[in-house]
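These are the residues of each chain, in order.
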Amino acid sequence: MPLHHAVLALLTQRPNHGYELKARFEETIGPQWGGLNIGHLYQILERLVRDGYVSRSQVTQTDRPDKNLYTLTEAGEAELRSWATTSWVRVGGFRDELFLKLLGAAALGTQALGTLIESQRQTYLSELAGLARQRRAHADEPLVAILIDAAIAHTKADLALLDSAAQHLGPIAAAHGVPAAERPRPDTDGDDGAGRTPRAESA
């Protein structure tokens, strides 16, 4: 469930409440993915709490309603690491889960990012080998050959994308991967840890 794991990735840096997570997801992923429905997000958070991957605490605010704050647990980080460092197998379309895996791996630091990129590279190379065998088997079927050629070209482009990901996400990953013991603790006065008071929230 890539969205569930994307939420875990966003929580690696600091605890957040629901609307903060929605804003951070949309800012991080960008317009190509589309907006994240807040109702769906709360369903995801409920499931993550139920599964023990996220803990929920209430923060009392002096002049606003109390808010729920969600914090990544050790089990949640282990689940994120398991998901984010294994290769993704394409099942169709171009809304690739790989992009969210790159988000998760970069949030965990340079080692996790490198593990994912190398694992994904081997997966793509294996796909290319299989496509080459198919291409030889269907050499006399023009339409099938064209479709296989398109798949080969797409997979080669994906391989080049991995090099771009390593280049562009490397500095981000180097700044992340903060150990759990060093992460900010949930505040109790409504300050979000950056000198700002988040929006009020009752869910």
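Note: the structure precedes this text.
Computed from a prediction, not measured in an experiment: that's the story for all the values here. Starting afresh in each chain, residues are numbered from 1 along the sequence in its written order. Confidence filtering applies because this is a predicted model: local features only for residues at pLDDT of at least 70, side-chain atom pairs given and counted only at 80 or more, and all residues used for totals across whole chains, interfaces and linings. Just so you know, side-chain values use all the structure's heavy atoms and leave hydrogens and water out.

Draft legend 1. Geometry of the pattern of salt bridges. Whenever Lys or Arg places a side-chain nitrogen within 4 Å of a carboxyl oxygen from Asp or Glu, that contact is recorded as a salt bridge. Enumeration according to the criterion identifies eight salt bridges in this entry. We note a salt bridge from Arg121 to Glu118, for which the minimum N-O separation is 3.7 Å. Note that Arg121 and Glu118 are positioned in helix 6 (residues 110-137) at a spacing of three residues, about one turn of the helix. We call a residue buried when its accessible area falls under 20% of the maximum for its residue type, exposed when it is over 50%, and partly exposed in between, using a 1.4 Å probe and counting protein chains only. By relative accessible area, which is 38% here, Glu118 ends up partly exposed. Among the ionic contacts, a cluster of salt bridges with common partners joins Arg47, Arg50 and Asp51. Counting from the N terminus, the helices are DSSP H or I runs at least four residues long and the strands are E runs at least two residues long.

Draft legend 2. Broad picture of the packing of helix 2 (residues 18-29) against helix 5 (residues 97-108). The contact between helix 2 and helix 5 brings their axes to 12 Å, and the two run at 110°. Comparing the axis directions of helix 2 and helix 5 gives the class roughly perpendicular. In this structure, the crossing between helix 2 and helix 5 has a hand that is right-handed. Residue-level contacts link Phe25, Thr28 and Ile29 of helix 2 to Phe99, Leu100 and Leu103 of helix 5. The residue makeup of the contact of helix 2 with helix 5, split by class, is five nonpolar, one polar and no charged. Helix axes use the C-alpha atoms of the stretch in contact, all axes being lines fitted to C-alpha atoms, and the angles between their N-to-C directions lie in the range 0 to 180 degrees. Each angle receives one of four descriptions, namely roughly parallel if under 35 degrees, roughly antiparallel if over 145, roughly perpendicular if within 65 to 115, and oblique otherwise. Should the near helix be turned anticlockwise from the far one by less than a right angle, the crossing is left-handed, and should it be turned clockwise, the crossing is right-handed. By definition, residues are in contact when any of their heavy atoms lie within 4.5 Å. Ten residues, namely Ala, Val, Leu, Ile, Met, Phe, Trp, Tyr, Cys and Pro, are considered nonpolar, four, namely Asp, Glu, Lys and Arg, are considered charged, and the remaining ones, Gly among them, are considered polar.

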